[in-house]
Structures are given as C-alpha cells and as structure tokens.
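So you can see what is in the structure, the chains are spelled out below.
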Amino acid sequence: MIVATTLLALVLSAHHGCSAFAPATPFGVRRHQTQVSNKRDEVKTHQPLYAIEEPPSKSTSSAETALMYEDDDGNKKRVGDIKSVDRDWTFLGDTVTKGEIKVNVIYPDTKAKGAVFFMHGFSQYPVAYADTLKKVADEAEVAVFAVETGVASGVSQGPSLFSNKQFYLQRAVSQDTQQIIDMMKAGKEPFASYVDKDVPVGLCGHSMGGGLCNYVAADNPFIDYVFTMSPALGVAPFEPVNATKRGVPDNSINLAGTWDFIAPKGKVKAIVESANQKKPGSAIYGPINRGLHTGFESKLVILSVPLSWIAALVLNFSGLVEIIVLKLFRALRTNTGQLDIAETLMSFFFKQMAEGKKVTVKDATAALDGLPDRWEDKIELSEP
C-alpha cells in the first residue's frame, strides 16, 4: 500500500511536468524571430507572429456532437457541443492547413453576454475542466470556447521525430485559439450561433494554457480580461513575462498554488509584477495556500483519459482496495478549497467582463465571502 500510495502521489504531482524539461529554444526557430513590437501600442504598424487566412463563411463540421462530462462517480451530463472548423493559419512563414480544429463550446442557459477562450495544460484536454467551465458559463452568462488540440494531435508533432514538441504544441494551441477568436470576431459560424461578435472577449487558461494567455492577449488589444491558473513558463516566443512586455490587458487575475512545483508561485508572481510594471493596477496575484498544480482541474486526466483509470491500471488496484484508495485520492484533491476558490473567482471575473466593469482586489476578495469559513485564509489577493 505504501508503494501504491507513493506512485499515485508521483502521478498526481508530475503528470503535467513533462513540459518543465523541454529545451529553452525550439529546434529550427531563432530567438531573434521573437523580438516583436507591442501590438497594443502600435496597432497600425505591428506585424504579429501569425497571419490568419480568411476563414470559411460557415463551419464545415459534420452533425452536431454533444459535449458530455462524466464525474468521478460515473454520472454523465451534457455541458455543451463539439464543433469543427478547417484549420488555416500561418506562423513565422509556415502555413498550416492540416486537418480540422475541434472546438468545445460550453454555453449558458441564457443569452451569452461575453465570450471566453480557454486554453488547457500541456498533458490535458478541455474535458479536465469541463465541469468548472460549465459553472462559470452559467454564473457569468458567457460562452466558453476551448480547442481540443493536444500533445497527441498531428499538428503538434512538428516536422520530424526530433522536433521540440513543447514548441509545436504551444504553437498549435495558441494559433488554433487565435483562429477561432478571429472567426468569432468576424461573425462566422459556428460561433455566431452562440454569441454576438461584439460582446466582450476574455482569455482563460491553466498551466501551459495559462502562460499562453499572455502571448495571445498581447496580439489582441480588444482583449482586456485574462484569468490564469498556475501559468507555466513556455519556450520562445511564448514565454509569458516577455509577452507582458509587448502588452497586457486592463484586468487579470493570476492564481498560483504554494505547493505547485510545475508553475512555482514565485514564477507566477513575476508574471504579475511584469504586467503591473507595464500597466499599473492591471494584474492581481492570488497564491492559494497548499494549492497543487492539478488542483485547478475538475477532473484529473492525462490526455483525455481519467487519471483514476490509469492509476488503477498501473497500480493494479482491485475490488475494495481500488474503491478506498481512489476515493481517498479524490478527497485529498477536492476537499482543500482550491477548486472552489478558483471557480468562484473565475465566475466573478467573467461576470465583471460581461458587464464591462473593472476587476479590483477589494471586489474579488468580497466575491469569496460566500465560501466556507475554513477556507478564508487559503488565499490573499494583491497587486504586487
């Protein structure tokens, strides 16, 4: 049992960690290519690192597919739709038209007042966050769009076996997201069916996706709301501190876990400090006491496979032992307040976005008042 528990703990703490060991400079990409101007300050002259081709006038997806979420107890519910659009973008002179972009669309029960584009972690897919994103969509009255592009996707592999997989994954997720943002802003389908093109737009992400939020926001001056959870450092040109030097949104909340070794709280704080240097009072820092890197996920998965299934297979659990250990594993992760804090702040944040309001430390702290008293001291928001 000791061996099994140790292995399970290692899986919990490290299943995101492969990105931490990627080389700093991608194969075939020179650092001087990442030196770009600030699009927010030089909208007329800046040439972004990507160039989106005119997307098709309507989606080329097949019949609508329901987006289902299954909790750890096997209960299923529909949280949205899965749509597909033709991939068509150019990055650093490399035009990519391979395959389709699968988009998870999570929408509120009422008319959407805003659009949020979510980017997942290195070893994740949007399914890991679907329950949280549905709660946020309903409470903030926003439509959430998340590309399914992952580490196993063909577009993320690069031209050879020895290509820097982290670079090509970050490129694929950021540029697929950029394409669907452009399509939504142009009033293209399938996005026009869920939200008006002129609603406020925000970004949200975890781990690798959290770091990419800064990069994408820097090239889109109309995005003034960014919410990140354990934003992880990326390879050039996606490194988030460098992205803040090009431009930052007017409002951001950046959460960190004090027990997070993948995206350490000091690294997250450095991103916030850089943003506030660029635009004072724009970025809020929120370290969650004893928070884990995986604590922001509503369901633990590797790729799109539930981690509980993998653990049971690797550790050869059976019968009552499996039930007891996996339920204990779930309780240790979910009964800490971390996910509740993140969901509460995210709902507050994007409600402020939908209503066009400034996000302040005072108002964000007040939004946490409804949480149980035992979690009052779990987080202290500030503007370093």
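Residues numbered from 1 in each chain as written. Predicted model: local features only at pLDDT ≥ 70, side-chain atom pairs only at ≥ 80, totals over all residues. Heavy atoms only, no water.

**Looking at the overall build of the protein chain**
Stated formally: Helix numbers and strand numbers start at the N terminus; a helix is a DSSP run of H or I with at least 4 residues, a strand a run of E with at least 2. The buried label goes to any residue with under 20% of its type's maximum accessible area, the exposed label to any with over 50%, and the partly exposed label to all in between, with areas taken from a 1.4 Å probe on protein chains only. Throughout, a residue-residue contact means that at least one pair of heavy atoms, one from each residue, lies within 4.5 Å. Method for areas: the Shrake-Rupley scheme with a 1.4 Å probe, in which residue coverage is limited to the protein chains shown.
In terms of helices and strands, the protein chain carries ten helices and 14 strands. In the protein chain, which comprises 384 residues, the share counted as buried stands at 54%. Long-range pairs, those at least 24 residues apart, make up 76% of the contacts in the protein chain between residues at least 6 apart in sequence. Counting every atom, the protein chain has about 16300 Å² of accessible surface; 55% of that belongs to carbon and sulfur.

**Considering the confidence of the model for the protein chain**
Our working rule: Residue-level confidence of the predictor is what pLDDT reports, using numbers from 0 through 100.
In the predicted model, the protein chain carries a mean pLDDT of 79, and the fraction of residues at 70 or more is 73%. The low-confidence segment residues 41-63 (pLDDT under 50) makes 52 contacts with residues lying over four places distant or belonging to another chain. Segment residues 302-326 is flagged for pLDDT under 50; beyond a separation of four residues in sequence, or across chains, it makes 37 contacts in the model.

**Some words on the environment of Gly286**
Tracing the backbone through its elements, the reader meets Gly286 in strand E12 (residues 283-288). Counting along the chain gives 14 residues from Gly286 to Val272, while the straight-line C-alpha distance between them is 9.8 Å. If near-sequence neighbours (up to four positions away) are discounted, Gly286 is found in contact with Asn254, Leu255, Ala256, Ile379, Glu380 and Leu381.

**Description of the sheet that holds strand E9 (residues 201-206)**
Stated formally: Pairing between two strands requires that DSSP report at least two bridges joining them. To get an axis, fit a line to the C-alpha atoms, keeping to the stretch in contact for a helix; angles then go from 0 to 180 degrees between the N-to-C directions.
Pairing is mixed in the open sheet, where nine strands are placed in the order E2-E3-E6-E8-E7-E9-E10-E11-E12. Both edges of this open sheet fall to strand E2 (65-70) and E12, since each of them pairs with a single strand only. Averaged over neighbouring strand pairs, the angle between their axes works out to 25 degrees when direction is ignored. Where strand E7 (residues 115-119) meets strand E8 (residues 143-147), four bridges bridge the pair, whose relative direction is parallel. From the neighbouring strand, Val116 faces E8, where its bridge partner is Val144. Lying on the sheet, helix H4 (residues 208-218) is in contact with E7, E9 and strand E10 (225-229); it crosses E9 at an angle near 150 degrees.

**Some words on the pattern of salt bridges**
A side chain with one charge may pair with a side chain of the opposite charge, provided their charged atoms come close. How we decide: Salt bridge, as used here, is a side-chain nitrogen of Lys or Arg placed within 4 Å of a carboxyl oxygen of Asp or Glu.
Summed over the entire model, instances satisfying the criterion amount to 13 salt bridges. The salt bridge partner of Lys113 is Glu141, with a shortest N-O separation of 3.0 Å. A residue pair is termed long-range when its members are at least 10 positions apart, and Lys113 in the loop between strand E6 (100-106) and E7 and Glu141 in the loop between helix H2 (130-140) and E8 qualify at 28 residues. Since its relative accessible area comes to 23%, Glu141 is described here as partly exposed. Look at the salt bridges and you will find they share partners, linking Lys77, Asp131, Lys135 and Glu343 into a network.

**What about the packing of H2 against helix H9 (residues 338-354)?**
Inclusion rule: Crossing handedness follows the turn of the near helix against the far one: under a right angle anticlockwise gives a left-handed crossing, and clockwise gives a right-handed one. When residue character is reported, Ala, Val, Leu, Ile, Met, Phe, Trp, Tyr, Cys and Pro are called nonpolar, Asp, Glu, Lys and Arg charged, and the others, Gly included, polar.
Between H2 and H9, whose axes approach to 9 Å, the crossing angle comes to 35 degrees. Between H2 and H9 the crossing geometry is right-handed. Contacts from Thr132, Leu133, Lys135, Val136, Glu139 and Ala140 in H2 reach Leu339, Glu343, Met346, Ser347, Phe350, Lys351 and Ala354 in H9. Taken together, the residues of the contact of H2 with H9 sort by class into seven nonpolar, two polar and four charged.

**Focus: the environment of Tyr215**
Secondary-structure assignment places Tyr215 in helix H4. Tyr215 gets classed as buried once you look at its relative accessible area, which sits at 1%. In this structure, the C-alpha to C-alpha distance between Tyr215 and Arg246, residues 31 residues apart in sequence, is 8.7 Å.

**Digging into the nonpolar core**
Note the threshold: What we call a nonpolar core is a set of buried Ala, Val, Leu, Ile, Met, Phe, Trp, Tyr and Cys residues that are connected through their side-chain atoms within 4.5 Å.
In terms of nonpolar packing, the biggest core is built from 42 residues, with Phe117, Phe145, Ile180, Met184, Phe191, Val195 and Leu203 touching the most fellow members. Listed by contribution, the elements that provide at least two residues to this core are strand E4 (89-91), E6, E7, E8, helix H3 (165-185), E9 and H4. A total of nine residues in this core trace back to one element, the largest contributor, which is H3. Contacts of Leu203, omitting those with residues within four sequence positions, involve Phe117, Met119, Ile181, Cys213, Val216, Ala217, Ile223, Tyr225, Val226, Phe227 and Phe350.

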